[in-house]
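Structure at a glance
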Amino acid sequence: LRLDVFLADAIEDSSRSFLQKLVKDKQVTLNGEVIVKSKRSMVEGDIVGVTIPTPPPALPEPEDIPLEILYEDEAFLMVNKPSGMVVHPAPGHYTGTLVNAVLHHCPDFAQSGVDMARPGIVHRLDRFTSGVMVVAKTQSAFTHLAKQASDHSFERRYLALVRGEFKEDYGRINAGIGRSLADRSRMAVTGIRAKDAITNFTSKERFGLASLVGLKLDTGRTHQIRVHMRFAGRPLLGDPVYGVTDFKGWTVPSDVLEALQALEGQALHAEVLGVTHPVSGERIVRSTKP
């Protein structure tokens with residue numbers, strides 16, 4: 001495993017430029033040796049040391065960042081998060097996040113939630129996963145929506161590009177997910193201290209080397225889709241941790257190959273999100289196309 005790939009997964013939501021700066025500033029060691037090249041290979045048993053600068057103490061500030069609003073009322077809003085946007089401030093991403101954008105969009109936004117560094121954030125999408133998210137605007141809405149997320153009563157449907165094709169038109173993956181025993185920075189299908197995880201898939205389009213699949217989650221574990229697709233032998237295209245990033249030798253049209261090589265992260269889109277309104281009890285469902 002390359003060191004830069006390991007760091008990108010181990011330091012949540014970190015940007016490539018942030019990791020490169022850590023290396024340049026001699027803040028990364030491998031087995032006690034200061035690293036000057038982040039592409040260095042690692043092997044099992046290596047010990048990585050990272051000194052991360054103390055983050056700014058201030059709470060997130062409003063920023064005038066465009067937002068695609070799918071639904072909004074006094075309790076919450078649903079947005080279409082673009083690929084590449086980090087949900088809340090994290091190392092290397094103290095600005096430009098969804099939280100910064102929401103704070104600007106909602107001047108009367110109550111600092112709801114249990115962590116004021118990520119107000120209103122009930123659930124997350126990985127940085128390079130695009131699609132529908134819900135953000136609570138009040139504390140009561142946050143509590144209600146957080147319980148729905150915990151109870152797995154959200155309706156969540158995704159679209160993904162994966163390597164190869166499922167023979168089946170539809171199927172169900174029921175395999176517990178926990179921390180990888182080989183690499184604690186990753187998640188994996190395991191029988192040790194695992195949580196139940198269920199992913200339903202539908203084959204939508206088959207292209208030979210790859211296919212488009214629809215995915216419906218019955219549970220919401222960390223990296224669930226990415227881990228389950230790898231476990232099923234259909235890893236996500238563009239995923240630097242669990243999937244496929246090397247497309248050399250693929251016999252596809254040049255424009256398709258260029259598009260694949262241009263992927264900055266996993267080809268995954270949260271197409272549909274359904275929640276129960278915390279005040280009216282109405283079912284609110286919104287969808288977007290990637």
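Above: the structure in question.
Before going into details, it helps to say that this report is about the structure given with it. (Residues numbered from 1 in each chain as written. Predicted model: local features only at pLDDT ≥ 70, side-chain atom pairs only at ≥ 80, totals over all residues. Heavy atoms only, no water.)

1. Structural notes on the overall build of the chain
Applicable threshold: Labels follow the DSSP assignment, with helices taken as runs of H or I lasting at least four residues and strands as runs of E lasting at least two, numbered in each case from the N terminus. Put simply, the radius of gyration uses C-alpha atoms, and a globule should come to 2.2 Å times the residue count raised to 0.38. Note on classification: 1.4 Å probe, protein chains only; a residue is buried when its accessible area is under 20% of the maximum for its type, exposed when over 50%, partly exposed between these limits. Should any heavy atoms of two residues lie within 4.5 Å, those residues are counted as being in contact. Using a 1.4 Å probe, the Shrake-Rupley method yields the accessible areas, and only the shown protein chains count as cover for residues. Only four residue types enter the tally: Lys and Arg on the positive side, Asp and Glu on the negative side; His and the chain ends are excluded. Where a charge lies is defined by one atom per residue type: Lys uses NZ, Arg uses CZ, Asp uses CG and Glu uses CD.
A tally of regular secondary structure across the chain gives six helices and 14 strands. Taking 19 Å as the expected radius of gyration for a compact globule of 290 residues, we find that the chain reaches 20 Å, a close match to that expectation. The principal-axis extents of the C-alpha atoms in the chain amount to approximately 55 × 50 × 45 Å. The buried share of the chain, reckoned over its 290 residues, is 47%. Look at the contacts in the chain between residues 6 or more apart in sequence, and 65% of them connect residues 24 or more apart. Surface summary for the chain: the accessible area is close to 14,900 Å², and the carbon and sulfur share equals 51%. Here the chain contributes 35 positively and 34 negatively charged side chains, and the mean placements of these two sets differ by 6 Å.

2. Topic: unusual backbone geometry
Positive phi, normally seen in glycine, also occurs at Asn31, with a value near 55°. Of note, Asn31 is situated in the loop between strand E1 (28-30) and strand E2 (33-34). Under the relative-accessibility criterion, Asn31 is labelled partly exposed at 48%.

3. Regarding the nonpolar core
As a reminder of what qualifies: In this description, a nonpolar core means a group of buried Ala, Val, Leu, Ile, Met, Phe, Trp, Tyr and Cys residues linked to one another through side-chain atoms lying within 4.5 Å.
By size, the foremost hydrophobic cluster in this structure holds 31 residues, and its most contacted members are Leu98, Tyr158, Leu215, Ile225 and Met229. Of all the secondary structure elements, the ones that give two or more residues to this core are strand E5 (76-81), helix H3 (98-105), strand E6 (130-136), strand E7 (155-163), strand E12 (210-217), helix H5 (224-231) and strand E13 (268-276). The biggest single contributor to this core is H3, with five residues. Setting aside residues no more than four positions away along its own chain, Leu98 makes contact with Leu67, Val79, Met85, Val86, Val87, Met133 and Val135.

4. What about the sheet that holds E1?
Spelled out, the test is: What makes two strands pair is DSSP finding at least two bridges between them. Here, axes are lines fitted to C-alpha atoms. For helices the fit covers the stretch in contact, and angles between N-to-C directions go from 0 to 180 degrees.
With respect to topology, three strands assemble into an open sheet ordered E2-E1-E3, the strand pairing being antiparallel. Edge strands, defined here as strands with exactly one partner in the open sheet, are E2 and strand E3 (48-50). Two elements, E1 and E2, share two bridges in a ladder whose sense is antiparallel. From the neighbouring strand, Thr29 faces E2, where its bridge partner is Val34. Seen against the sheet, helix H1 (residues 3-10) touches E1 and E3 and runs at an angle of roughly 55° to E3.

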